[in-house]
Amino acid sequence: MKERSKHKIAIFMPYDALIFSPSLINAITLLRKSGYLVDLVLPKGNQLYSSNVFMDNGVNFIYYYYYKNEGLWEILKSRIHFFLVSFSKCHKNEYKCFFGIDVYGLIVASLMSVFNKAPVVYFSTELTLSVDNLWRKYSIRYYLYKLRKSLEMLCHHFSVFTIIQDEERARILAIDNKVKVDNMLIVPNSSFDAPRATDTHWWHTFYSIADHKKIILHEGTIDDWTCCYELAMVALSWSDEFVLIIHGKVEKESYLQKIKSLIGDAKKVFLSVEVFPYEKLDLLISSACIGIALYKNLNMNHYVMSSGKISHYLRCGLPVIAQRFPSIESIIVKNNCGVCVENCNEVESAIHTILNNYQEFSLNAKKFYSQKLDFKYSFTAVIEKIDRLQ
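Predicted model, so just to flag it, every value in this text is computed and none were measured.

1. Description of the pairing of strand S11 (residues 290–293)
The side chains of a regular strand alternate between both faces of the sheet.
Then, number 1: Covered by surrounding structure in S11 are Ile290 and Ile292 together with Gly291 and Ala293, the residues of both alternating faces.
Then, number 2: Relative to S11, strand S8 (residues 214–219) is paired through 3 bridges, and the arrangement is parallel. When the bridges of S11 are listed, histidine 218 appears paired with isoleucine 292.
Then, number 3: Where S11 lies against strand S12 (residues 320–323), 3 bridges are found, and the strand directions are parallel. Within the sheet, the bridge partner assigned to alanine 293 lies in S12 and is alanine 322.

2. Things to note about the environment of tyrosine 143
Then, number 1: Turning to its location among the elements, tyrosine 143 is positioned in helix H4 (residues 140–158).
Then, number 2: For tyrosine 143, a relative accessible area of 41% gives the class partly exposed.
Then, number 3: Distance from tyrosine 143 to asparagine 133, taken between C-alpha atoms, is 9.2 Å for residues 10 residues apart in sequence.

3. A closer look at the layout of surface pockets
Then, number 1: Considered as a void within the structure, the second largest pocket measures approximately 380 Å³ in volume.
Then, number 2: Lining the second largest pocket are 21 residues, and of these Thr200, Ser286, Ala288, Cys289 and Tyr358 lie nearest its centre.
Then, number 3: Of all the secondary-structure elements, those providing two or more residues to the lining of the second largest pocket are S8 and helix H13 (358–373).
Then, number 4: Broken down by element, the lining of the second largest pocket gets its largest block of residues, 5 residues, from H13.

4. What to know about the sheet that holds S8
Then, number 1: Strand order across the open sheet formed by 6 strands is S10-S9-S8-S11-S12-S13, with parallel pairing between neighbours. Both edges of this open sheet fall to strand S10 (269–272) and strand S13 (338–341), since each of them pairs with a single strand only. The sheet shows a mean angle of 20° between the axes of neighbouring strands, taken without regard to direction.
Then, number 2: Each of S8, strand S9 (242–247), S10 and S11 is contacted by helix H7 (residues 228–235), which is oriented at about 160° to S9, the strand it contacts most.

5. Brief notes about unusual backbone geometry
Then, number 1: Positive phi, normally seen in glycine, also occurs at aspartate 102, with a value near 55°.
Then, number 2: Here cysteine 227, not a glycine, exhibits a phi torsion of approximately 60°, which is positive.
Then, number 3: As for its placement among the helices and strands, cysteine 227 is situated in the loop between S8 and H7.

6. A closer look at empty space enclosed by the protein
Then, number 1: Summed over all chains, the structure comprises 1 cavity of 30 Å³ or more.
Then, number 2: The volume enclosed by the largest cavity comes to roughly 50 Å³.
Then, number 3: Taken together, Ile11, Met13, Leu18, Leu24, Ala27, Ile28, Leu31, Leu40, Phe99, Ile101 and Phe123 form the lining of the largest cavity.
Then, number 4: Among the secondary structure elements, those contributing two or more residues to the lining of the largest cavity are helix H1 (22–33) and strand S4 (97–101).
Then, number 5: With 4 residues, H1 is the single largest residue contributor to the lining of the largest cavity.
Then, number 6: Residues of the lining of the largest cavity, tallied by class, amount to 11 nonpolar, no polar and no charged.

7. Notes on the side chain of serine 159
Then, number 1: Turning to its location among the elements, serine 159 is positioned in the loop between H4 and strand S6 (161–164).
Then, number 2: The exposure class assigned to serine 159 is buried, which follows from its relative accessible area of 10%.
Then, number 3: Within the local environment of serine 159, its side chain forms a polar contact with the backbone oxygen of histidine 156, the two atoms lying 2.7 Å apart.
Then, number 4: Among residues more than four places away in sequence, those in contact with serine 159 are Val120, Tyr122 and Asn183.

Conventions we followed
Residues numbered from 1 in each chain as written. Predicted model: local features only at pLDDT ≥ 70, side-chain atom pairs only at ≥ 80, totals over all residues. Heavy atoms only, no water. Buried < 20%, exposed > 50% of the residue type's maximum accessible area, 1.4 Å probe, protein only. Helix = DSSP H or I, 4+ residues; strand = E, 2+ residues; numbered from the N terminus. Pairing = 2+ DSSP bridges. 1 Å grid on protein atoms, 1.4 Å probe; cavity = no way out; pocket = protein on both sides within 12 Å on 5 of 7 lines; lining within 4 Å. Points joined across faces, edges and corners; volume = space filled by probe spheres on them. Axes fitted to C-alpha atoms, helices over the stretch in contact; angles between N-to-C directions. Contact = heavy atoms within 4.5 Å. Nonpolar A, V, L, I, M, F, W, Y, C, P; charged D, E, K, R; others polar. Polar contact = N/O pair within 3.5 Å; in protein donor to acceptor, adjacent residues only side chain to side chain.

Here it is, written out as structure tokens:
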């Protein structure tokens, strides 16, 4: 690979879930393929669980300490350490640009640009909107949220362009931060190239499930806002030909124990919290029959292009059963690659609908992914824009 002279990019990441963010992994991979060296600043303990996720040693990992406790003092210490480590490791280097991931990444990247003069790209994966400040009015957290939002708006105005995951999110963020929407590039939260899986019975073997049974998969965050408990509850009464597997990252141990208590020793719901290497994700998804993507309507962060699980399901040819949000329904139903439901009680009926015409649903899933969601094609515009930066 030909390395570009003085073409290094620093990426500032404020949270510890890199393995669950395909858009960030794929962005770094494509930056490397384009010849850029990458300094990745991220929380200590943020593991990729594989040395093969990135193609070579052109990605330099820089770790800072991240306190998982949600207390104000712990949060403050994490943010201070984030900046201090970024400054100590990066301020003397020459960079083509900085990537600020979400609000805190943007703030640190913008502070770094004061010393380094590198232009800042805002990579927005999670919206933090003014209307989402639900803390008690006049409380400390209420004012901290307002301060964070003000800093985001200020830093966003000075960024050179924004990467965001769909048109609706771009429109909303532009209004909220009072910036121009035409300076935003749409890059879906997805993968690229064809799936690498060949074994379509991996889950059957892993849990000794009979081959004739259909695997219904929830992949991703296991928490209240992804309806995992409600899904497990209804799955216990599904037809015996269906097995639900809930796999992903646990947000709260108490929520995990609540699900375990519900399912007991039942062989109709399996709970998997093991973190597998990223390159194994194709295998886990391709081993299922249908993918589940249910969300509670808490905020604006659950739109189809931002849902990594939906794009990965479609890439592997899995029809999707998704929440009936307008933005998701307009994609899933319009392109006949899945069924939308109001709640978990409608999931079994949706499974039967899909199985009655499975081949067509599966082919449409792959077709829509290749035409609209392939990360590589969307990210090409980002590479071209970075190349033009002075």
